[in-house]
Amino acid sequence: MADERGPAMQRRVLTTFRIGAWSWVVTGVGHLALTAVAALGPGDPGEAGAVAAMRGYRPEIPGVRRSLYDLDQGMSLVMAVALIFGGLVCAHVARSAPDLVTRSRRLRTLALLASLAALGVSLWLLPAPPIALFTIATVTFAWSSATTTPPSPATTTPPSPATTNHPSPATS
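Rules and cut-offs
Residues numbered from 1 in each chain as written. Predicted model: local features only at pLDDT ≥ 70, side-chain atom pairs only at ≥ 80, totals over all residues. Heavy atoms only, no water. Helix = DSSP H or I, 4+ residues; strand = E, 2+ residues; numbered from the N terminus. Contact = heavy atoms within 4.5 Å. Core = buried A, V, L, I, M, F, W, Y, C linked by side-chain atoms within 4.5 Å. Buried < 20%, exposed > 50% of the residue type's maximum accessible area, 1.4 Å probe, protein only. Phe/Tyr/Trp six-rings, centres within 6.5 Å; stacked < 30°, edge-to-face > 60°. Lys NZ or Arg CZ within 6 Å of the ring centre and 35° of its normal. Expected span 1.5 Å × (residues − 1). Arc of directions from axis to C-beta. Salt bridge = Lys/Arg side-chain N within 4 Å of Asp/Glu carboxyl O. Axes fitted to C-alpha atoms, helices over the stretch in contact; angles between N-to-C directions. Parallel < 35°, antiparallel > 145°, perpendicular 65-115°, else oblique. Left-handed = near helix turned anticlockwise from the far one by under 90°. Nonpolar A, V, L, I, M, F, W, Y, C, P; charged D, E, K, R; others polar.

What about the overall build of the protein chain?
Within the protein chain, the secondary structure is distributed over seven helices and two strands. A separation threshold of at least 6 residues defines the contact pool for the protein chain, and within that pool the share at least 24 residues apart is 72%.

Pasting the structure below:
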């Protein structure tokens, strides 16, 4: 029975880890899409005034002078790219090194902590879509992190005597 529970538990850990990873990707892609739509469409008069004020303020940040609008847009776009990258890295690890995900509670906990921080900022400053997506990521990464998976047979097999670094009597 333990043999059946082990692989099933490992599949669940991988599945929940992947859901968390893809939640990050969807958040980043959604942000880029909404930014593109907003840039193409006409803004309301209130927004136009705020954008004009942001473009009019040009603080100097070590070595460059950018408008507050440019800084806001730049940070926003970089954040979206970073979310996509982080999610794709997690999804890639789950696909190409599934044993790493199932064996490394530290990796799963790191993903959980990053999602929890992103959820906290989202609850404080952002609208519903990132709150919902980071809630999904946090819950799924929490589940995968809290789950103990039995070690795979490959990680519990002792090394053979031929592969140990003990000197043989003939070479001493």
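Moving on from the coordinates now.
As for the nonpolar core
Formed by 17 residues in total, the largest nonpolar core has its most connected members in F17, W24, A94, V101, F134 and F141. Elements represented by at least two residues in this core include exactly α1 (2–40), α3 (68–96), α5 (105–125) and α6 (128–146). Sorting elements by how many residues they give to this core places α1 first, with five residues. Setting aside residues up to four positions removed in sequence, F134 forms contacts with W24, T27, L83, S115, A118, L119 and S122.

Examining the packing of aromatic side chains
On inspection of all chains with the given rule, the structure shows two aromatic pairs. Judged by centre distance (5.5 Å) and plane angle (85 degrees), the rings of W24 and F134 are edge-to-face. Note that W24 is positioned in helix α1 and F134 in helix α6, a separation of 110 residues in sequence. Accessibility classification places W24 together with F134 in one group, the buried group. Positioned above the aromatic ring of Y69, the side-chain terminus of R55 is 4.3 Å from the ring centre.

Observations concerning α5
Spanning 21 residues, α5 covers 30 Å between terminal C-alpha atoms, matching the ideal 30 Å at 1.5 Å per step. Buried within α5 are the following residues: R108, A111, L112, S115, A118, L119 and S122. In an axial view of α5, the angular spread of the buried residues amounts to 135 degrees, which keeps them on one side of the axis. Opposite its buried face, α5 presents the exposed residues R106, L110, W124 and L125, each directed more than 90 degrees away.

Quick notes on the pattern of salt bridges
According to the stated counting rule, one finds one salt bridge in the structure shown. The shortest N-O distance in the salt bridge between R65 and E60 comes to 3.2 Å. When its relative accessible area of 44% is taken as the criterion, R65 is described as partly exposed.

Side note on the environment of R95
With respect to the secondary-structure elements, R95 resides in helix α3. Look at R95 and you get exposed, because its relative accessible area is 69%. For the pair R95 and R18, spaced 77 residues apart in sequence, the C-alpha to C-alpha distance is 8.6 Å.

Some details on the packing of α5 against α6
At a closest axis distance of 8 Å, the pairing of α5 and α6 adopts a crossing angle of 155 degrees. When the axis of α5 is compared with that of α6, the two are roughly antiparallel. Here α5 runs over α6; the crossing is left-handed. Mapping the contact onto sequence places R105, R108, T109, A111, L112, S115, L116, A118, L119, S122 and L123 in α5 and P130, I131, F134, T135, A137, T138, F141, A142, S144, S145 and A146 in α6. Considering only residue class, the contact of α5 with α6 consists of 13 nonpolar, seven polar and two charged.

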